[in-house]
Amino acid sequence: MLFAHDTECGLVATAGLVNTAGPGREGLPDVAALDEFIAAHSWTGRHEHTDGELREVHALRPRLRRIWYADTDEVVATVNGLLRESRALPQLIRHDDEPYHVHAVPRDAPLATRMAVEAAMALADLVRMGELSRLRICDHPDCDNVLVDLSRNRCRRFCDAGCGNRAAVSAYRARKAASHP
């Protein structure tokens, strides 16, 4: 593990949230999809299961996506803004058989607020460690998904949407075509 467990979970969940939106796609079309996303990323605490909550989560995504394209100063400004707006007060918490980790807002804070603060806290760790280069855009030419490279040798190039497999198949077909004129 390169970073603290809660940092890695926060980064993966943030990238996952960002990737639920993009040109021509909506990965969180309804409350049921948000419920599935929350379960997949083990979010705990308050969840209202309402359209209003879904709209708040939708509104957070573009702000988080910009982080993958930003320089360090802009990332810091965004992180500080998210923490300030949420009135974050970091504290060590233990729950649900998890070891101590940092929560910066109460478990009963609105879901979008908790998502914003978890993202901000995880990104703050990347900034402090000089590791923002781990935030990447998928290398597949037809994909604009974001990813977090948590590999030790910083070699991850593709998102979790199957782009690595598509690239491997394309390369294989190109090699095969080149060897059979």
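Just so we're clear, the structure is a prediction, and the values are computed from it rather than from any experiment.

### Notes on the side chain of arginine 61
(1) Moving on: Along the polypeptide, arginine 61 turns up in helix 3 (residues 51–67).
(2) Moving on: Among residues more than four places away in sequence, those in contact with arginine 61 are Leu17, Val18, Thr20, Ala21, Glu26 and Leu28.

### Considering the packing of helix 3 against helix 4 (residues 72–85)
(1) Moving on: Running from N to C, helix 3 and helix 4 cross one another at 150 degrees; their axes reach a closest spacing of 9 Å. Viewed along their axes, helix 3 and helix 4 form a crossing whose handedness is left-handed. Together, Leu60, Arg63, Leu64 and Ile67 of helix 3 and Val75, Thr78, Gly81, Leu82 and Glu85 of helix 4 make up the contact between the two elements.
(2) Moving on: A per-class count over the contact of helix 3 with helix 4 returns five nonpolar, two polar and two charged.

### Examining the side chain of aspartate 149
(1) Moving on: By the element assignment, aspartate 149 lies in the loop between strand 6 (146–148) and helix 6 (163–179).
(2) Moving on: Of the residues examined, aspartate 149 reaches a relative accessible area of 0% and is grouped as buried.
(3) Moving on: A polar contact of 3.1 Å, which involves the side chain of aspartate 149, links it to the backbone nitrogen of arginine 156.
(4) Moving on: Contact partners of aspartate 149, with chain neighbours within four places excluded, come to Arg134, Arg136, Arg154, Cys155 and Arg156.

### Structural notes on the environment of methionine 121
(1) Moving on: Checked against the element boundaries, methionine 121 lands in helix 5 (residues 111–128).
(2) Moving on: Methionine 121 gets classed as partly exposed once you look at its relative accessible area, which sits at 23%.
(3) Moving on: Residues methionine 121 and alanine 59, spaced 62 residues apart in sequence, show a C-alpha to C-alpha distance of 19 Å.
(4) Moving on: Not counting residues up to four positions away in its chain, the partners in contact with methionine 121 are Leu83, Pro90, Val102 and Ala104.

### Some words on unusual backbone geometry
(1) Moving on: Even without glycine at this site, histidine 49 takes up a positive phi of about 60 degrees.
(2) Moving on: Tracing the sequence through the fold places histidine 49 in the loop between helix 2 (31–40) and helix 3.
(3) Moving on: Owing to a relative accessible area of 46%, histidine 49 belongs among the partly exposed residues under this scheme.
(4) Moving on: Notably, aspartate 97 is not glycine yet its phi reads approximately 60 degrees, a positive angle.
(5) Moving on: By secondary structure assignment, the location of aspartate 97 is in the loop between strand 3 (91–93) and strand 4 (101–103).

### Focus: the environment of valine 31
(1) Moving on: Locating valine 31 in the fold gives a position in helix 2.
(2) Moving on: On the basis of relative accessible area, valine 31 is assigned to the buried category, the value being 14%.
(3) Moving on: Taking the C-alpha atoms as reference points, valine 31 and leucine 54, separated by 23 residues in sequence, lie 6.3 Å from one another.
(4) Moving on: Ignoring sequence-local partners within four residues, the contact set of valine 31 consists of His49, Thr50, Asp51 and Leu54.

Here is what the cut-offs are and how they apply
- Residues numbered from 1 in each chain as written.
- Predicted model: local features only at pLDDT ≥ 70, side-chain atom pairs only at ≥ 80, totals over all residues.
- Heavy atoms only, no water.
- Helix = DSSP H or I, 4+ residues; strand = E, 2+ residues; numbered from the N terminus.
- Contact = heavy atoms within 4.5 Å.
- Axes fitted to C-alpha atoms, helices over the stretch in contact; angles between N-to-C directions.
- Left-handed = near helix turned anticlockwise from the far one by under 90°.
- Nonpolar A, V, L, I, M, F, W, Y, C, P; charged D, E, K, R; others polar.
- Buried < 20%, exposed > 50% of the residue type's maximum accessible area, 1.4 Å probe, protein only.
- Polar contact = N/O pair within 3.5 Å; in protein donor to acceptor, adjacent residues only side chain to side chain.

As far as function goes, none of this settles anything; it's purely spatial.
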